[in-house]
Amino acid sequence: MKNMGKNDILKLILCIIICQAMGSSGSVFTSMSVKTWYPTLVKPWFAPPDGLIPVVWIILFTLMGISLFLVWREGFDSPEVKAAIYIFALQFVFNIAWSGAFFGMRSPYYGLIVIVLLWLMILLTIFKFWQVSRNAALLLVPYILWVSFAMALNYNIMVLNP
């Protein structure tokens, strides 16, 4: 990593705060159902314990913030950087939309549709980040792996709760 000056440290902190804030905005929908509707669902054997999920998301949003910083650091005047950051922002819309569809609407079916689109957007984000910073792209691998797991969980919940 290049030498980090004071301005870079501030950008890094800002990127992490933005990702944590955007990520926690989806909790508006989650809180509507996580204590009432979600516990009543039949879940597959591989469903993680409830306390693990928020911890994983905090870690993932932090990695996403670092990843965003590494891309932004390459210069926002670059068309590749702009495109990568716009795609990153768009995938976040799908991230929040999944919480709205699954928890807000209480619909594993609509949640599955949104999470598939989210997965595709994360893949596109990784591709775009790779063009700017390979390290930034690699930091998103745990995110796409977790969303792949969440997609399997979402699908199984949909099947088990017709």
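Residues numbered from 1 in each chain as written. Predicted model: local features only at pLDDT ≥ 70, side-chain atom pairs only at ≥ 80, totals over all residues. Heavy atoms only, no water.

Chemist: Help me out: how do you make sense of the overall build of the chain in this one?
Modeler: Helix and strand counts for the chain come out as seven helices and zero strands. The order of α-helices and β-strands along the chain, N terminus first, is α-α-α-α-α-α-α. In terms of C-alpha radius of gyration, the chain reaches 17 Å, essentially the compact-globule figure of 15 Å for 162 residues. Dimensions of the chain, computed from the C-alpha atoms along their principal axes, are close to 50 × 25 × 25 Å. Every one of the 162 residues in the chain was classed for burial, and the buried ones make up 43%. Long-range pairs, those at least 24 residues apart, make up 79% of the contacts in the chain with a sequence separation of at least 6. (Helix = DSSP H or I, 4+ residues; strand = E, 2+ residues; numbered from the N terminus. Rg over C-alpha atoms; globule rule 2.2 N^0.38 Å. Buried < 20%, exposed > 50% of the residue type's maximum accessible area, 1.4 Å probe, protein only. Contact = heavy atoms within 4.5 Å.)

Chemist: What is the right way to read the layout of surface pockets from this model?
Modeler: One simple way to see leftover space: roll a probe sized like a water molecule over the atoms. Of the voids in this model, the largest pocket is the one considered here, and its volume is about 680 Å³. Taken together, 31 residues form the lining of the largest pocket, with Thr30, Ile53, Trp57, Trp98 and Phe103 sitting closest to its centre. Secondary-structure elements contributing two or more residues to the lining of the largest pocket are α1 (6-25), α2 (27-33), α3 (52-72), α4 (79-104), α5 (108-132) and α7 (141-160). Ranked by residue count, the leading element in the lining of the largest pocket is α7, at seven residues. Each residue belonging to the lining of the largest pocket can be placed in one class, and the counts come to 20 nonpolar, 10 polar and one charged. (1 Å grid on protein atoms, 1.4 Å probe; cavity = no way out; pocket = protein on both sides within 12 Å on 5 of 7 lines; lining within 4 Å. Points joined across faces, edges and corners; volume = space filled by probe spheres on them. Nonpolar A, V, L, I, M, F, W, Y, C, P; charged D, E, K, R; others polar.)

Chemist: Help me understand the pattern of salt bridges in this model?
Modeler: Pairing between side chains of opposite charge can happen when the charged atoms of each approach one another. For the structure shown, the criterion picks out one salt bridge. Its salt-bridge partner being Arg73, residue Asp8 comes within 3.1 Å of it at the nearest N-O pair. Taken together, the residues span a long stretch of sequence, with Asp8 in helix α1 and Arg73 in the loop between α3 and α4 at a distance of 65 residues. Comparing Asp8 with Arg73 shows no difference in burial state: the two are buried. (Salt bridge = Lys/Arg side-chain N within 4 Å of Asp/Glu carboxyl O.)

Chemist: What should I look at first to understand the packing of aromatic side chains in this one?
Modeler: Here a ring pair, both rings aromatic, is described through the centre-centre distance and the interplanar angle of the planes. Taken as a whole and assessed by the stated rule, the structure comprises 17 aromatic pairs. Judged by centre distance (5.4 Å) and plane angle (65°), the ring pair of Trp37 and Phe102 falls under edge-to-face. Of this pair, Trp37 sits in the loop between α2 and α3 while Phe102 sits in helix α4, and the two are 65 residues apart along the sequence. Phe102 matches Trp37 in its accessibility class, with the two residues each being buried. Members of the aromatic cluster, joined through ring pairs, are Trp57, Phe61, Phe88, Phe92, Phe129 and Tyr143. (Phe/Tyr/Trp six-rings, centres within 6.5 Å; stacked < 30°, edge-to-face > 60°.)

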